[in-house]
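# Descriptive structure summary
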Amino acid sequence: MRIARFSIDGNVAFGAVEGDKPDELVLDIIKGIPFADFELSGTKVPLSKVRLLPPVLPNKVVAFGRNYAEHAKELGNEVPDAPFAFFKPSTSVIGTGDEIQYPSFSSELHHEAELAVVIGRMCREVPRERVKDVILGYTCANDVTARDVQKREKQWARAKGFDNSCPLGPWVETDLDLAAIAEGITIQCMVNGAQRQLGRTSEMIHSVEDLIVNITEAMTLLPGDVILTGTPAGVGPLNVGDEVAVTIEGIGTLTNKVIKRG
């Protein structure tokens, strides 16, 4: 099931996305929230008539860096022995179609296409065999990074946590499974129609299971929290006016435009 969060006529709701052709997609409005038992209302609205919002509003976004060897290499970094985590605040989250505002304190903005894991239930100290039970589904992410600030300041709070730096969407896909991710699904990033990144999740150094086991040893994850699993090689610059699109096989496409910060 594809679960979207959207607004229509000033109201916010969740809906199940139905259909295959982009211009014929409809939303069956969900009674309740996707983190508990819910029913489909049978009330359907065309996707074209709503505004898609970030599919979840996470309490926290836990991101893992240098989880693809070629990406670590392209930036001159060593591959860490253990998962390497950092955070993006909830205020960094935007949805598909929203604008990435180029931060005034940077002159080197980069895209980083990533598979995002959406947590479905409160959990901590999750054993490997239970990881699948705490996952609601998966979505596309762009870990937008002020690369010059990251290099200059060493710790990454401003470089990766500024407003609009975590586009998520377009929806949460619940039918994707851990086996398919381990086997490898395609992650692609396009900027103005030109391919920048193309990788497969099978290239991840640490698996989704590794990442969730690692972070829940330290902290509790809440429903709607998001795990970013790292980016394949090919990261590069974004400029004002650029349109950046992250497409993940079996999920969909997340699209955002870069604008000058007002």
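This text goes with the structure placed above it.
Being a predicted model, the structure only gives us computed values, none of them experimental.

What counts and what doesn't
In this numbering scheme, every chain counts its residues from 1 along its sequence in written order. For a predicted model such as this one, the threshold for reporting local features is a pLDDT of at least 70, and the threshold for listing and counting side-chain atom pairs is 80 or more; totals across whole chains, interfaces and linings nevertheless cover every residue. The basis for every side-chain value is the complete set of heavy atoms in the structure, and neither hydrogens nor water enter the calculation. We count a stretch as a helix when DSSP gives it H or I for four or more residues in a row; a strand needs E for two or more, and each element gets its number in order from the N terminus. For this measure, only C-alpha atoms enter the radius of gyration; the expected value for a globule follows 2.2 Å times N^0.38, where N is the number of residues. Each residue is assigned to one of three classes by its accessible area relative to the maximum for its type, calculated with a 1.4 Å probe on protein chains only: buried under 20%, partly exposed between the two thresholds, exposed over 50%. Contacts between residues were defined by any pair of non-hydrogen atoms, one from each residue, lying within 4.5 Å. Charge assignment in this entry is limited to Lys and Arg as positive and Asp and Glu as negative, and neither His nor the chain termini are counted. Lysine's charge is taken at NZ, arginine's at CZ, aspartate's at CG and glutamate's at CD. Between any two strands, at least two bridges found by DSSP are needed for them to pair. Polar contacts here mean pairs of N or O atoms no more than 3.5 Å apart (in protein, one a potential hydrogen donor and the other a potential acceptor; neighbouring residues in sequence count only if both atoms are side-chain atoms). By convention, a stacked pair of Phe, Tyr or Trp rings (six-membered ring in the case of Trp) has centres within 6.5 Å and planes under 30 degrees apart, an edge-to-face pair has planes over 60 apart, and any other such pair is tilted. Only lysine NZ and arginine CZ atoms are considered, and such an atom sits over a ring when it is within 6 Å of the ring centre and within 35 degrees of the ring normal.

## A look at the overall build of the protein chain
From N to C terminus, the protein chain includes 5 helices and 20 strands. For the protein chain, the C-alpha radius of gyration of 17 Å lies close to 18 Å, the compact-globule estimate for 262 residues. Its C-alpha atoms give the protein chain principal-axis dimensions of about 50 × 45 × 30 Å. When burial is assessed residue by residue, the protein chain has 52% of its 262 residues classed as buried. By sequence separation, contacts in the protein chain at least 24 residues apart represent 69% of the contacts at least 6 residues apart. Across the protein chain, 27 positive and 36 negative side-chain charges occur, with their mean positions spaced 5 Å apart.

## Quick look at the sheet that holds strand β13 (residues 145–146)
A sheet is described by the order of its strands in space; here 3 strands give the open sequence β13-β10-β18, paired in antiparallel fashion. Two strands bound the open sheet, and with one partner strand each, they are β13 and β18 (236–238). Note: strand β10 (residues 109–111) against β18, 3 bridges, orientation antiparallel. The partner of H111 across the bridge, within β18, is G236.

## Re the environment of G230
Along the polypeptide, G230 turns up in the loop between β17 (226–228) and β18. Owing to a relative accessible area of 1%, G230 belongs among the buried residues under this scheme. The spacing of G230 and T201 is 29 residues in sequence and 9.3 Å in space, taken between C-alpha atoms. Residues in contact with G230, not counting those within four places in the same chain, are F64, N67, Y68, A113, E114 and L115.

## Comments concerning the side chain of S106
Structurally, the position occupied by S106 is in the loop between β9 (99–102) and β10. Given the relative accessible area of 9%, S106 is considered buried. A distance of 3.1 Å separates a polar side-chain atom of S106 from the backbone nitrogen of E108. A polar side-chain atom of S106 sits 2.7 Å from a polar atom in the side chain of D148. When sequence neighbours within four positions are dropped, the list of residues in contact with S106 reads A146, D148 and V149.

## A few points about the packing of aromatic side chains
Applying the stated criterion across every chain, the model contains 3 aromatic pairs. Relative to W156, the ring of F84 has its centre 5.3 Å away and its plane inclined at 65°; by these criteria the two rings are edge-to-face. A residue pair is termed long-range when its members are at least 10 positions apart, and F84 in strand β7 (residues 84–88) and W156 in the loop between α2 (147–153) and α3 (157–161) qualify at 72 residues. Residue F84 is classed as partly exposed on the basis of its relative accessible area of 31%. Measuring from centroid to centroid gives 6.1 Å for F105 and F162, while their planes differ by 85°, and the two rings are edge-to-face. In this pair, F105 sits in the loop between β9 and β10 while F162 sits in the loop between α3 and β14 (166–173), placing the two residues 57 residues apart along the sequence. On the basis of relative accessible area, F105 is assigned to the partly exposed category, the value being 24%. A cation over an aromatic ring shows up here: R158 above the ring of F105, its NZ or CZ 4.6 Å from the ring centre.

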